[in-house]
Amino acid sequence: MKHVYIEHLQDHIGETVTIKGWVFHRRSSGKLKFIEVRDGTGIVQCVIFKGNVPEEQFQSADNVSLESSVIIEGSVREDKRAPGGCEIDVQTFHVHHHAEDYPITPKEHGEDFLLDRRHLWIRSKRQNAILRVRHTIVKAIRDFFDERGFVLFDAPILTPNAVEGTSTLFETSYFDLGSAYLTQSGQLYGEAGALALGKIYVFGPTFRAEKSKTRRHLTEFWMVEPEMAWYDLNDDMDLAEEFIEYVVQTTLDKRSGELEVLERDLSKLECIQRPFPRISYDEAVAILHKHGKEFDYGNDFGAPDETLISGQFDRPVIVHRYPAEVKAFYMKRDPEDETKALAMDMLAPEGYGEIIGGSQREDDYDTLVRRIREHNLPQDVFEWYLDLRRYGSVPHSGFGLGLERTVAWICKLDHIRETIPFPRTIKRKNP
Ligand code: 4AD
Ligand code: MG
């Protein structure tokens, strides 16, 4: 008999098929048993009528425990009221493995209880929907760059130096060569890639020993980082805007069912269309002051500041030209105001804060050497990076999008830890 995945049952109405999955829910009424089976692609109700199956199979359907694995043969019957539009009239019911008492029940569980059982929790409807949305976002990200002539460029995970400040480095000992650090960002390598290949994107895991225990921070997260030769800050912002529109609209298109499971208000995503508002750091500070928020000019924005600023808009807002002091050493200064960096952050609506950080890069050799010294960074490990300014330097720009923050925003989740199969935070490295 043909094994059919639940998501494809609609194409087999009237046929007899085999489904393989796990018992999700069951109830019975006399001669009828109703077993909801999930197989990862969907959930379908299987109806077992006492006269239609051998007696011992009817009994085993009575005793089967939640999350037991089962193989079921039956005919597919259209039922408009059923979740997937059809039901299965069972002809044979086989329990492949009897599950022990399943620890996750419909009653409320604490976050820690569920996170300790993350390997099982991902079987639930909501978590399943989130992971499918994540998959589609990743695919949309790749398609966007692949369709526009970008080359995938893999940066190393073990690196000899910091990129985004030394306070969040994970250090490990590296044979006779001293310390190595888990990468905080593939950007510096991406710059080498852009000067070799024109337009590239790095897409991989990145690591930050974040001491902060917020709903926006993981210690291990995925970042996609396009880097483009000959792009200035404006080109960079244009690309970021087109990119986010594409990712959100593609996800809406492909995953409306999952977003419905998550009870997402789709109208809040439908309006994510270009152009996005763009404001300078100075204008952003004016918004804070206008709303009576205490904020010292020159500081970086905290999460509450970002929420207030982005709350003024119904789509992501780009904030550009930050004080150079609060930004990284590699950012080019604004020739019209040397105190400002040609930096940009994109803040997501609905309080999700910064999803993108990017900039035009310093492309002048002498200036970059000065910045490395000002930041007390060891020049010797950056010699290769300085070569990019020795041999055919060009203006270039790029940005990094945090995948998990994007998933959290699109799914409207309370906490970033549900966006990744096995989250790593300051308080958790298991399972
Ligand atoms: O703003 P960040 O630190 O920028 C960079 O790393 C640049 N080198 C990127 C580039 O220009 N190529 O980080 C970029 C994004 C943030 O906007 C945020 O979305 C995400 O990465 N991010 C985190 N996500 C989850 N947990 C953390 N601890 C994160 N830190 C940054
Ligand atoms: Mg940033």
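Remember, it's a predicted structure, so these values are computed and weren't measured experimentally. (Residues numbered from 1 in each chain as written. Chains lettered and ligands numbered in written order. Predicted model: local features only at pLDDT ≥ 70, side-chain atom pairs only at ≥ 80, totals over all residues. Heavy atoms only, no water.)

## Points about the overall build of the protein chain
This is how the line gets drawn: Here a strand is any run of E in DSSP of at least two residues, a helix any run of H or I of at least four, and the numbering for each starts at the N terminus. Burial status follows relative accessibility: with a 1.4 Å probe on protein chains alone, a residue under 20% of its type maximum counts as buried, one over 50% as exposed, and anything between as partly exposed. Any pair of residues with heavy atoms lying within 4.5 Å of one another is described as a contacting pair. By the counting rule applied here, Lys and Arg register as positive and Asp and Glu as negative, while His and the ends of each chain are not counted. A charged residue contributes its charge at one atom only: NZ of Lys, CZ of Arg, CG of Asp or CD of Glu.
Counting its regular elements, the protein chain contains 13 helices and 18 strands. Within the protein chain, the fraction of its 431 residues that count as buried is 50%. Long-range pairs, those at least 24 residues apart, make up 66% of the contacts in the protein chain with a sequence separation of at least 6. Computed over 55 positive and 72 negative side-chain charges, the separation of the two mean positions in the protein chain equals 5 Å.

## A word on helix H6 (residues 233-254)
Owing to its 3.6 residues per turn, the α-helix aligns residues three or four sequence positions apart on the same side. Here is the rule: Multiply 1.5 Å by the residue count of a helix minus one, and that product is the helix's expected span. By the criterion applied in these results, polar contacts are pairs of N or O atoms within 3.5 Å in which, for protein atoms, one can donate a hydrogen and the other can accept it, and in which residues neighboring in sequence qualify only through two side-chain atoms.
Between the first and last C-alpha of H6 there are 32 Å, a value that for 22 residues agrees with the 32 Å anticipated at 1.5 Å per step. One side-chain oxygen at the N-terminal end of H6 lies 3.1 Å from the backbone nitrogen of Asn234; it belongs to Asp232.

## Points about empty space enclosed by the protein
What counts here: A 1.4 Å probe that fits into a set of points on a 1 Å grid over the protein atoms alone but cannot get out defines a cavity; an open set with protein on both sides within 12 Å along at least five of seven lines defines a pocket, and lining residues are those with an atom within 4 Å of a point. Grid points are joined across faces, edges and corners, and a volume is the space filled by probe spheres set on the points. Polar here means any residue outside two lists: the nonpolar Ala, Val, Leu, Ile, Met, Phe, Trp, Tyr, Cys and Pro, and the charged Asp, Glu, Lys and Arg; Gly therefore counts as polar.
A full pass over the atoms with the stated rule returns one cavity of 30 Å³ or more. Quantified by volume, the largest cavity comes out at close to 40 Å³. As for the largest cavity, its lining consists of Ala324, Lys327, Ala328, Phe329, Met331, Arg333, Ala341, Arg371 and His375. Residue composition of the lining of the largest cavity, grouped by class: five nonpolar, one polar and three charged.

## Details of the pattern of salt bridges
To keep it simple, the criterion reads: Here a salt bridge means any side-chain nitrogen of Lys or Arg lying within 4 Å of a carboxyl oxygen belonging to Asp or Glu.
This structure, assessed with the given rule, holds 37 salt bridges. Note that Arg148 and Glu147 form a salt bridge whose closest N and O atoms lie 3.8 Å from each other. Measuring nitrogen to oxygen at the nearest pair gives 3.4 Å for the salt bridge that ties Glu374 to Arg371. One end of the pair is Glu374 and the other is Arg371, both in helix H11 (residues 365-374) and three residues apart, which spans about a single turn. Residue Glu374 is classed as partly exposed on the basis of its relative accessible area of 45%.

## Some details on the sheet that holds strand S17 (residues 353-360)
Note the cut-off: If DSSP finds at least two bridges between two strands, the strands pair. Note on geometry: axes are lines fitted to C-alpha atoms, helical ones only across the stretch in contact, with angles between N-to-C directions running from 0 to 180 degrees.
Across the sheet, which stays open at both edges, the eight strands sit in the order S6-S10-S11-S18-S17-S16-S13-S12 with mixed pairing between neighbours. What marks the edges here is a single partner per strand, and that holds for strand S6 (151-152) and strand S12 (278-280). One ladder, built from three bridges, connects S12 with strand S13 (residues 317-320); its direction is parallel. Of the residues in S13, the one forming a bridge with Ile279 is Val319. In the packing of helix H9 (residues 281-290) onto the sheet, contacts are made with S12 and S13, and the angle to S12 comes to roughly 85 degrees.

## Considering the environment of Glu87
With respect to the element layout, Glu87 can be found in strand S5 (residues 86-97). Separated by 42 residues in the primary sequence, Glu87 and Gln45 have C-alpha atoms spaced 5.3 Å apart. Those residues in contact with Glu87, other than ones at most four positions away along the chain, are Val44, Gln45, Val47, Ser75, Val76, Arg77, Asp79 and Ala82. At 2.8 Å, the side chain of Glu87 and the side chain of Gln45 are in polar contact.

## Observations regarding the site of ligand 1
How we decide: Neighbouring residues are identified by heavy atoms, a residue being near a molecule or strand if any of them is within 4 Å of it. What sets the accessible areas is the Shrake-Rupley method with a 1.4 Å probe; for residues, cover comes only from the shown protein chains.
Looking at ligand 1, there are 23 residues lining it, with Glu164, Gln187, Leu218, Glu225 and Glu354 nearest. A distance of 2.9 Å separates a nitrogen atom of ligand 1 from a polar side-chain atom of Ser185. Within the contact set of ligand 1, an oxygen atom lies 3.5 Å away from a backbone nitrogen or oxygen of Gly357. Bound to the protein, ligand 1 loses 94% of the 630 Å² it would expose on its own.

## A closer look at the layout of surface pockets
In this structure, the largest pocket encloses a volume near 1,200 Å³. Broken down by secondary-structure element, the contributors of at least two residues to the lining of the largest pocket are strand S11 (220-229), helix H10 (303-310), S17, strand S18 (396-402) and helix H13 (403-411). No other element matches S17, which puts five residues into the lining of the largest pocket.

## Brief notes about the nonpolar core
Using the following cut-off: The criterion is simple. A nonpolar core is a set of buried Ala, Val, Leu, Ile, Met, Phe, Trp, Tyr and Cys residues joined through side-chain atoms within 4.5 Å.
Among the nonpolar cores identified, the biggest contains 45 residues, and Ile141, Phe145, Phe243, Ile244, Ile356, Trp409 and Ile410 are the most heavily contacted of them. Going through the elements one at a time, helix H4 (125-147), strand S10 (199-207), S11, H6, strand S16 (343-348), S17, S18 and H13 are the ones with two or more residues in this core. Ranked by residue count, the leading element in this core is H6, at ten residues. Setting aside residues no more than four positions away along its own chain, Ile356 makes contact with Ala240, Ile244, Met344, Asp345, Met346, Phe399, Gly400 and Leu401.

## Examining the side chain of Lys340
Looking at where Lys340 falls in the secondary structure, it is placed in strand S15 (residues 337-341). Looking at Lys340, its side chain comes within polar contact range of the side chain of Tyr297, at 3.2 Å. The contact partners of Lys340, leaving out residues within four places of it in the chain, are Asp282, Tyr297, Arg321, Tyr322, Pro323, Ala324, Lys332, Arg333 and Asp334.

## Concerning unusual backbone geometry
Cis geometry marks the peptide bond from Arg274 to Pro275; its omega dihedral reads -5 degrees. Among the structural elements, Pro275 can be located in the loop between helix H8 (267-270) and S12. Here Asn430 and Pro431 are connected by a cis peptide whose omega angle stands at -10 degrees. Here Pro431 lies in the segment after H13. The residue Glu67 is not glycine, and still its phi comes out positive at about 70 degrees. In this fold, Glu67 is placed in the loop between helix H1 (55-63) and strand S4 (69-78). According to the relative accessible area criterion, Glu67 is buried, its value standing at 8%.

Take it as geometry only, folks, not as evidence of what the structure does.
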